Amino acid sequence: MYLLAPGLRNSHLVALNTDYLYHLGLDTSMDLKAMFGDVQYVCMGGSSVRAEKFATKAAEDLGVEIPEGGVTPIGKTERFSLYKVGPVISVSHGMGMPSMLILLHEITKLLHYAGCENVKFIRIGTSGGVGVEPGTVVVTSEGLNGKLEPKFELVQLGETREYPTQLDSELTREIYEARGDIRAEIGKTMGTDDFYEGQGRLDGALEPSYSEAEKLAFLQRAHDAGVLNIEMESSAFAAFCLRAGIPATIVCAALLNRLEGDQVTSTPEQLGQFSDGAQQVVLNYIRGKLQHNQ
Ligand code: R2B
Ligand code: URA
């Protein structure tokens, strides 16, 4: 029985006596139902520090009691840090699509084995804005790859497979509507395999193959195509969730406006505020939903 999502149909899993979710340090000999059976939202962000911060804020915001010493991670923490606060998982996914995909496979199986139903996945991250002010929160309608195509390509057995990258429009809209007085916009997000040349920066270690004018022309073309920000996971994340049938979206703070530069020059305090804004929009949404369902 596949309760979590209609797209979960891997017949090969049935043959496993125990499924070892290696990177999470969890496996199916554990009572995953008792540990995770009530999860409704999985919120993921790149860094383990932000995952812990979001878990702590979620506990305060949603009125969930946590132990005196604060939230503690479940499973192992070499690769990812996973926290659970009531019906919310807060977990880090590392940087880039390969890391994100490992987390997605294992967290999705975890929730499937735990018997969870109707779970939503939300990536809460950072990004480079395209034509938006630093601090703006962008809620993603669709992931695009580095060629501005609405698809994610993955080489499997020597062949390139393509998957569409549409995100859940209702979830995107509802999260946007929970923005309160935080500056937010809905737009497309380009996901790349690199922070420097993959995002058209001129400030990497190597001499790029393009000029400043070519960079700006590409970023302008991206903006004209509806792209409001650039990060490193959106297309893989969108394609995975769509294929699995899990409603998902992405909520990212823009740390800078790439039409104005490449370097991230805001102070640590400002960067913290930008990230907090993205987290707060998602918490507003989750709190509203949980209150409504009570
Ligand atoms: C946003 O920020 C990280 C790079 O600095 C990367 O994980 C991303 O998508
Ligand atoms: N993360 C990215 O991937 N790009 C940026 O420009 C900022 C944060």
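Scroll up to find the structure this text is about.
Residues numbered from 1 in each chain as written. Chains lettered and ligands numbered in written order. Predicted model: local features only at pLDDT ≥ 70, side-chain atom pairs only at ≥ 80, totals over all residues. Heavy atoms only, no water.

**Overview of empty space enclosed by the protein**
Then, number 1: In total, this model carries one cavity of 30 Å³ or more according to the counting rule given.
Then, number 2: One number sums up the size of the largest cavity: a volume of about 70 Å³.
Then, number 3: Around the largest cavity, the lining residues are Cys43, Met44, Gly45, Arg50, Ala51, Phe54, Ser90, Val91, Ile124 and Gln279.
Then, number 4: Secondary-structure elements contributing two or more residues to the lining of the largest cavity are strand E3 (41-45), helix H2 (48-62) and strand E5 (88-92).
Then, number 5: Looking at the lining of the largest cavity, its residues break down into six nonpolar, three polar and one charged. (1 Å grid on protein atoms, 1.4 Å probe; cavity = no way out; pocket = protein on both sides within 12 Å on 5 of 7 lines; lining within 4 Å. Points joined across faces, edges and corners; volume = space filled by probe spheres on them. Helix = DSSP H or I, 4+ residues; strand = E, 2+ residues; numbered from the N terminus. Nonpolar A, V, L, I, M, F, W, Y, C, P; charged D, E, K, R; others polar.)

**Details of the site of ligand 1**
Then, number 1: For ligand 1, the full set of nearby residues is Met95, Arg123, Thr126, Phe195, Glu231, Met232 and Glu233.
Then, number 2: Within the side chain of Arg123, one N or O atom sits 3.3 Å away from an oxygen atom of ligand 1.
Then, number 3: Its free accessible area being 260 Å², ligand 1 has 82% of it covered by the protein chains.
Then, number 4: Residue composition of the shell around ligand 1, by class: three nonpolar, one polar and three charged. (Near = heavy atom within 4 Å. Polar contact = N/O pair within 3.5 Å; in protein donor to acceptor, adjacent residues only side chain to side chain. Areas by Shrake-Rupley, 256 points an atom, 1.4 Å probe, with all protein chains shown as cover.)

**Focus on the layout of surface pockets**
Then, number 1: Here the second largest pocket is characterised by a volume of approximately 310 Å³.
Then, number 2: Residue lining of the second largest pocket: 21 residues in total, with Arg50, Met95, Thr126, Phe195 and Met232 positioned closest to the centre.
Then, number 3: Those elements that provide at least two residues to the lining of the second largest pocket are strand E6 (120-129), strand E11 (227-231) and strand E12 (248-257).
Then, number 4: Per-element accounting of the lining of the second largest pocket gives the leading share, five residues, to E6.
Then, number 5: Among the residues forming the lining of the second largest pocket, the class breakdown is seven nonpolar, nine polar and five charged.

**Some details on the pattern of salt bridges**
Then, number 1: Here the structure, examined in full by the defined rule, presents 15 salt bridges.
Then, number 2: Notably, a salt bridge pairs Asp262 with Lys215, separated by 2.8 Å at the nearest N-O pair. In this pair, Asp262 sits in the loop between E12 and helix H7 (268-293) while Lys215 sits in helix H5 (residues 212-224), placing the two residues 47 residues apart along the sequence. Both residues of the pair, Asp262 and Lys215, count as buried. (Salt bridge = Lys/Arg side-chain N within 4 Å of Asp/Glu carboxyl O. Buried < 20%, exposed > 50% of the residue type's maximum accessible area, 1.4 Å probe, protein only.)

**A few points about the packing of aromatic side chains**
Then, number 1: Enumeration according to the criterion identifies two aromatic pairs in this entry.
Then, number 2: On the basis of an interplanar angle of 85 degrees and a centroid distance of 6.0 Å, the ring pair of Tyr41 and Tyr285 is categorised as edge-to-face. In this pair, Tyr41 is assigned in strand E3 and Tyr285 in helix H7, connecting sequence segments 244 residues apart. For the residue pair Tyr41 and Tyr285, the accessibility class agrees, reading buried in each case.
Then, number 3: Ring centres 5.0 Å apart and planes at 75 degrees place the aromatic pair Phe195 and Tyr196 in the edge-to-face group. (Phe/Tyr/Trp six-rings, centres within 6.5 Å; stacked < 30°, edge-to-face > 60°.)

**Topic: the nonpolar core**
Then, number 1: Formed by 39 residues in total, the largest nonpolar core has its most connected members in Val42, Phe121 and Phe237.
Then, number 2: For this core, the leading source of residues is helix H3 (residues 97-113), giving eight residues.
Then, number 3: Aside from chain neighbours lying at most four places away, what touches Val42 is Ile89, Val91, Ile107, Leu111, Val119, Lys120, Phe121 and Ile122.
Then, number 4: Formed by 32 residues, the second largest nonpolar core is a distinct cluster that contains Ala58, Val85, Ile122 and Leu256. (Core = buried A, V, L, I, M, F, W, Y, C linked by side-chain atoms within 4.5 Å. Contact = heavy atoms within 4.5 Å.)

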